[in-house]
Amino acid sequence: MTTNLTTTDHQKALVQIQRVGVSRYLSIQANVELKDAITGFSSYIGSDGKASTSPKGMAIYIAHEIKKSFGFSVKEMPEPMLSNLTALLSAIIQIINNGTKRNLPRIEIRQQIKDVIKLSKQQYDIINGGNHE
């Protein structure tokens, strides 16, 4: 995540952290970075020649897969899941970036995202004993 904050940005960040907590703040920041990666991905044409039909499609796909795997939307997630979510969003960003650099077909990048979401949920369950809270 970007750490070059002006004093005003720093103050805004502290206020937001006090309001929503550290874990939710970090997940919000990771989500902003994910949106940036998705925006770039929306114009990507894979090695199979297929392009995006909608810039919102990938964001909807990711949100759907997260809710399907974790049982919660990002906004509904309990505090312990948020730490896991931040790492997951960073992993998704890396999959998008690496996939486009390697000129992978969009469908392969989407599958890798789906796989990392499932893996992240499995890891969460192992660490937390399957508890959702």
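Up top is the structure.
Student: Honestly, the pattern of salt bridges in this entry has me stumped. Any pointers?
Tutor: Two side chains carrying opposite charge are able to pair once their charged atoms lie near each other. As enumerated under the stated definition, the model contains 2 salt bridges in all. As a salt-bridge pair, Lys-68 and Glu-65 come within 3.5 Å of each other at their nearest N and O atoms. Here the residue Lys-68 and the residue Glu-65 both occupy positions in helix α3 (residues 55–70), the gap between them amounting to 3 residues, near one helical turn. Classification of Lys-68 by relative accessible area gives partly exposed; the value is 48%.

Student: Teacher, can you tell me more about the environment of Leu-14 here?
Tutor: Inspection of the secondary structure puts Leu-14 in helix α1 (residues 7–20). Sequence separation between Leu-14 and Tyr-25 is 11 residues, and the spatial gap between their C-alpha atoms is 9.5 Å.

Student: What should I look at first to understand the packing of helix α2 (residues 22–41) against helix α4 (residues 79–101) in this one?
Tutor: A pair of packed helices can be characterised by two numbers: the angle between their axes and the separation between those axes. One way to put it is that α2 packs onto α4 with a least axis distance of 9 Å and a crossing angle of 20 degrees. It follows that α2 is roughly parallel to α4 by the angle criterion. When the axes of α2 and α4 are compared, the crossing they make is left-handed. Across the interface between the two elements, Ser-23, Arg-24, Leu-26, Ser-27, Ala-30, Asn-31, Glu-33, Leu-34, Ala-37, Ile-38 and Phe-41 from α2 touch Glu-79, Leu-82, Ser-83, Leu-85, Thr-86, Leu-89, Ile-92, Ile-93, Ile-96, Asn-97 and Thr-100 from α4. Here the residues of the contact of α2 with α4 sort into 12 nonpolar, 7 polar and 3 charged.

Student: Honestly, the side chain of Lys-121 in this entry has me stumped. Any pointers?
Tutor: By the element assignment, Lys-121 lies in helix α5 (residues 106–128). Using a relative accessible area of 10% as the deciding quantity, one classes Lys-121 as buried. Engagement of the side chain of Lys-121 in a polar contact is seen with the side chain of Asp-125, the distance being 2.5 Å.

What counts and what doesn't
- Residues numbered from 1 in each chain as written.
- Predicted model: local features only at pLDDT ≥ 70, side-chain atom pairs only at ≥ 80, totals over all residues.
- Heavy atoms only, no water.
- Salt bridge = Lys/Arg side-chain N within 4 Å of Asp/Glu carboxyl O.
- Helix = DSSP H or I, 4+ residues; strand = E, 2+ residues; numbered from the N terminus.
- Buried < 20%, exposed > 50% of the residue type's maximum accessible area, 1.4 Å probe, protein only.
- Axes fitted to C-alpha atoms, helices over the stretch in contact; angles between N-to-C directions.
- Parallel < 35°, antiparallel > 145°, perpendicular 65-115°, else oblique.
- Left-handed = near helix turned anticlockwise from the far one by under 90°.
- Contact = heavy atoms within 4.5 Å.
- Nonpolar A, V, L, I, M, F, W, Y, C, P; charged D, E, K, R; others polar.
- Polar contact = N/O pair within 3.5 Å; in protein donor to acceptor, adjacent residues only side chain to side chain.

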